[in-house]
Amino acid sequence: MKVLILGAGGREHALAWAVKRSKRVTEVVCAPGNGGISQIARCVPVDLKDVDAMIRLAEEEKPGLIIVGPELPLSLGIVDALEERGLRVFGPTRAAAMLESSKGFAKRFLQRHKIPTADYAICNNAAELEKAIGIFHAPMVIKADGLAAGKGVIICPSRQTAIEAAQSLFTGKLLGEAAQQVLVEEFLEGEEISFLCLSDGKHVAPLAPAQDHKCIGEGDTGPNTGGMGVYSTDAMLEPAMQEWILRHIAEPTVRGMAEEDTPFVGVLYCGLMMTARGPQVLEFNARFGDPETQAILLRLESDLVEALEASIDGRLSETELRWTPGAAACVIASSAGYPGAYEKGFPITGLDSAARVPGVQVFHSGSALADGKLVTAGGRVLGVTAVAPSLEEALARAYQAMAEIHFDGMYFRRDIGHRALKKKK
Ligand code: AMP
């Protein structure tokens, strides 16, 4: 079977790598892909904002399965459009993807279905917002309603900063586009967990849990990024806690979406805060996370394609996913200046020796081929990922591989997994 993956980052590289291992797959095509992906799959250009172009490509390629990586094409209704043309596609419809594309929709949904989440108010203008802010204690969180690539959330230490943050969202100063709605949220304290499940619209199958590191600087300092590293271990969620999250968060979400005639088929990514009063939903994503996917798929022993097909066919209750025990870790190498402005086009060296470290896979987030050589092409460039029997070993392998790699201005955090390592001491 031919599989078409839509997307261009480290998540899609990891998906292509996992899909390729399936017995059922004869060819992997990635659109548009990147330099690293082109070494394991055929890459074809496509604009992920252009639904018609993606349809044309899918009709030409006639894949047996299409996997949609990023949120933007999902929010544009790519799954609805491909399904209408009889194509087999893994991902939620536009209506189901609203769990990610509108934070206001997600909060109202959570409240309707009594799923634990922070208290909130949804505001349509500055006057409504000022009123709402008056009833929340500082610190509080201000969020833009729509997709904002992680830039639409501001933690505000005081009411005054909350008003200023909301103004910069309403006027478009912060995101370049004016937010129609802004949310105020209660500030939650605790540790964050990325809890991803496959959903077939009725049942869920949990993936290995993961913890992301959003800040650019060590010790979780500095501005937020798309994610600077992630780890996944057996120990990060006790079986009883996983069960609780399934019963009280993931399953009621999938049930609620089905009851509202917008069944959710795809990856339900629950961003959770583990607070003193239990796990609370911070956000949903309607797709695989990046870089969570890199670490999670390195631990997956089951056939990914079979699991995705079981989701599409509503057979997930018969599917149990098998995981390599122990841990996986992914450390991101980024360009100097990221998440601000950065330069591109620097040659990347040392990838062959890095790949020789046992248990290591290097997934490319932002690389390109120039005259047959790999060069940097994004803020996040590589996800150096390793699997091992323990977190310490997985991290040691990832950092050993990282030491082999070089490009001008390469930066990476040296403290991925620091919270888990501290707990063990
Ligand atoms: P979101 O896109 O809604 O997940 O927000 C991005 C990040 O902001 C989360 O991963 C959290 O670190 C933080 N965040 C979001 N909402 C809250 C909240 N209510 N309390 C504390 N931190 C939050």
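Novice: Lay out a nonpolar patch on the surface with the relevant residues and their values.
Specialist: Taken together, the side chains of Leu72, Leu76 and Leu147 present a nonpolar region at the surface, about 200 Å² in accessible area. With respect to the element layout, Leu76 can be found in the loop between α3 (71-75) and α4 (78-84).

Novice: Before we move on, could you go through the pattern of salt bridges and cite the residues and values that matter?
Specialist: A full pass over the atoms with the stated rule returns 25 salt bridges. Between Arg42 and Glu27 there is a salt bridge; the shortest N-O distance is 3.0 Å. Here Arg42 is found in strand β3 (residues 42-43), whereas its partner Glu27 is found in strand β2 (residues 27-32), with 15 residues between them in sequence. The exposure class of Arg42 is partly exposed, given its relative accessible area of 35%. The closest approach of N and O atoms between Arg112 and Glu260, which form a salt bridge, is 2.9 Å. Separated by 148 residues along the polypeptide, Arg112 in helix α6 (residues 103-112) and Glu260 in the loop between α9 (239-259) and β16 (265-275) bring together distant segments of the chain. Assessed through its relative accessible area of 43%, Arg112 is described here as partly exposed.

Novice: Explain the sheet that holds strand β7 (residues 140-144) to me, and be specific about the residues and the numbers.
Specialist: What the four strands build is an open sheet, ordered β6-β9-β7-β8; its pairing is antiparallel. Edge strands, defined here as strands with exactly one partner in the open sheet, are β6 (120-123) and β8 (153-156). In this sheet, adjacent strand axes meet at a mean angle of 20° when their direction is disregarded. Where α6 meets the sheet, its contacts fall on β6, β7, β8 and β9 (182-186), and the angle it forms with β6 comes to roughly 140°.

Novice: Go over the environment of Asp145, please, and point to the residues and values.
Specialist: Counting through the fold element by element, Asp145 comes out in the loop between β7 and β8. Accessibility expressed as a relative area gives 15% for Asp145, which makes it buried. Separated by 40 residues in sequence, Asp145 and Phe105 have C-alpha atoms that sit 8.5 Å apart. Once residues within four sequence positions are removed from consideration, Asp145 is found in contact with Ser101, Ser102, Lys103, Gly104, Phe105, Gln181 and Leu183. Engagement of the side chain of Asp145 in a polar contact is seen with the backbone nitrogen of Gly104, the distance being 2.7 Å.

Novice: Go over the nonpolar core, please, and point to the residues and values.
Specialist: Membership of the largest hydrophobic core comes to 79 residues, with the highest contact counts inside it found for Leu6, Phe195 and Leu382. With residues up to four places along the chain from it excluded, the contact list for Leu382 reads Val331, Ile332, Ala333, Ile348, Leu351, Val362, Phe363, His364, Ser365, Ile405 and Phe407. In this structure, Leu15, Leu65, Leu297 and Cys330 belong to the second largest nonpolar core, which totals 45 residues.

Novice: Which residues make up the site of the ligand, and what values go with them?
Specialist: Not every one of the 14 residues close to the ligand is listed here, only the nearest: Lys143, Glu186, Leu188, Glu192 and Glu283. One nitrogen or oxygen atom from the main chain of Glu186 is found 2.9 Å from a nitrogen atom belonging to the ligand. Within the side chain of Glu192, one N or O atom sits 2.3 Å away from an oxygen atom of the ligand. Burial of the ligand by the surrounding chains reaches 89%, relative to a free accessible area of 470 Å². The set of elements that each furnish at least two residues to the shell around the ligand consists of β7, β8, β9 and β17 (278-285).

Novice: Any details on the sheet that holds β16? Residues and values, ideally.
Specialist: Reading across from one edge, β11-β10-β16-β17 is the order of the four strands in this open sheet, with antiparallel pairing throughout. Where the open sheet ends on each side, the last strands, each with one partner, are β11 (204-206) and β17. For this sheet the average axis-to-axis angle between neighbouring strands, irrespective of direction, equals 35°. The sheet contact formed by strand β10 (residues 191-200) and β16 spans 10 bridges and is antiparallel. Following the sheet pairing, Glu192 is matched in β16 by Met273. On top of the sheet, α9 reaches β10, β11, β16 and β17; it is set at about 130° to β16, its chief contact.

Novice: Explain the side chain of His418 to me, using residue names and the numbers behind them.
Specialist: As for its placement among the helices and strands, His418 is situated in helix α14 (residues 418-424). Those residues in contact with His418 that lie beyond four places of it in its chain are His213, Asp220 and Arg413.

Novice: Go over the packing of helix α7 (residues 126-133) against helix α8 (residues 159-170), please, and point to the residues and values.
Specialist: Running from amino to carboxyl end, α7 crosses α8 at an angle of 155°, the nearest separation of the two axes being 10 Å. In terms of axis orientation, α7 runs roughly antiparallel to α8. Handedness of the α7/α8 crossing: right-handed. On α8, the residues that touch Ala126, Leu129, Glu130 and Ile133 of α7 are Arg159, Ala162, Ile163, Ala166 and Phe170. Class assignment for the residues of the contact of α7 with α8 results in seven nonpolar, no polar and two charged.

Novice: How would you explain the packing of aromatic side chains if you had to name every residue and give the values?
Specialist: Using the criterion set out here, one finds five aromatic pairs in the structure. Both rings, one in Trp17 and one in Phe363, keep their centres 5.8 Å apart while their planes meet at 70°; by these two values the pair is edge-to-face. With Trp17 in helix α1 (residues 10-20) and Phe363 in strand β19 (residues 360-364), the pair connects residues that are 346 residues apart, well separated along the chain. Residue Trp17 is classed as buried on the basis of its relative accessible area of 15%. Accessibility expressed as a relative area gives 1% for Phe363, which makes it buried. Plain terms: the ring middles of Phe105 and Phe109 are 6.4 Å apart, the flat faces sit at 20° to each other, and that makes the pair stacked. Pair noted here: Phe105 and Phe109 are both in helix α6, with a separation of four residues, about one helical turn.

Novice: How would you sum up α1? Please name residues and give values.
Specialist: Most of α1 sits out of view: 10 of its 11 residues are buried. Within the sequence span of α1, burial applies to Gly10, Arg11, Glu12, His13, Ala14, Leu15, Ala16, Trp17, Ala18 and Val19.

What counts and how
- Residues numbered from 1 in each chain as written.
- Predicted model: local features only at pLDDT ≥ 70, side-chain atom pairs only at ≥ 80, totals over all residues.
- Heavy atoms only, no water.
- Patch = residues over 30% accessible without salt bridge, like charges linked within 9 Å, V, L, I, M, F, W, Y side chains within 5 Å.
- Areas by Shrake-Rupley, 256 points an atom, 1.4 Å probe, with all protein chains shown as cover.
- Salt bridge = Lys/Arg side-chain N within 4 Å of Asp/Glu carboxyl O.
- Helix = DSSP H or I, 4+ residues; strand = E, 2+ residues; numbered from the N terminus.
- Buried < 20%, exposed > 50% of the residue type's maximum accessible area, 1.4 Å probe, protein only.
- Pairing = 2+ DSSP bridges.
- Axes fitted to C-alpha atoms, helices over the stretch in contact; angles between N-to-C directions.
- Contact = heavy atoms within 4.5 Å.
- Polar contact = N/O pair within 3.5 Å; in protein donor to acceptor, adjacent residues only side chain to side chain.
- Core = buried A, V, L, I, M, F, W, Y, C linked by side-chain atoms within 4.5 Å.
- Near = heavy atom within 4 Å.
- Parallel < 35°, antiparallel > 145°, perpendicular 65-115°, else oblique.
- Left-handed = near helix turned anticlockwise from the far one by under 90°.
- Nonpolar A, V, L, I, M, F, W, Y, C, P; charged D, E, K, R; others polar.
- Phe/Tyr/Trp six-rings, centres within 6.5 Å; stacked < 30°, edge-to-face > 60°.

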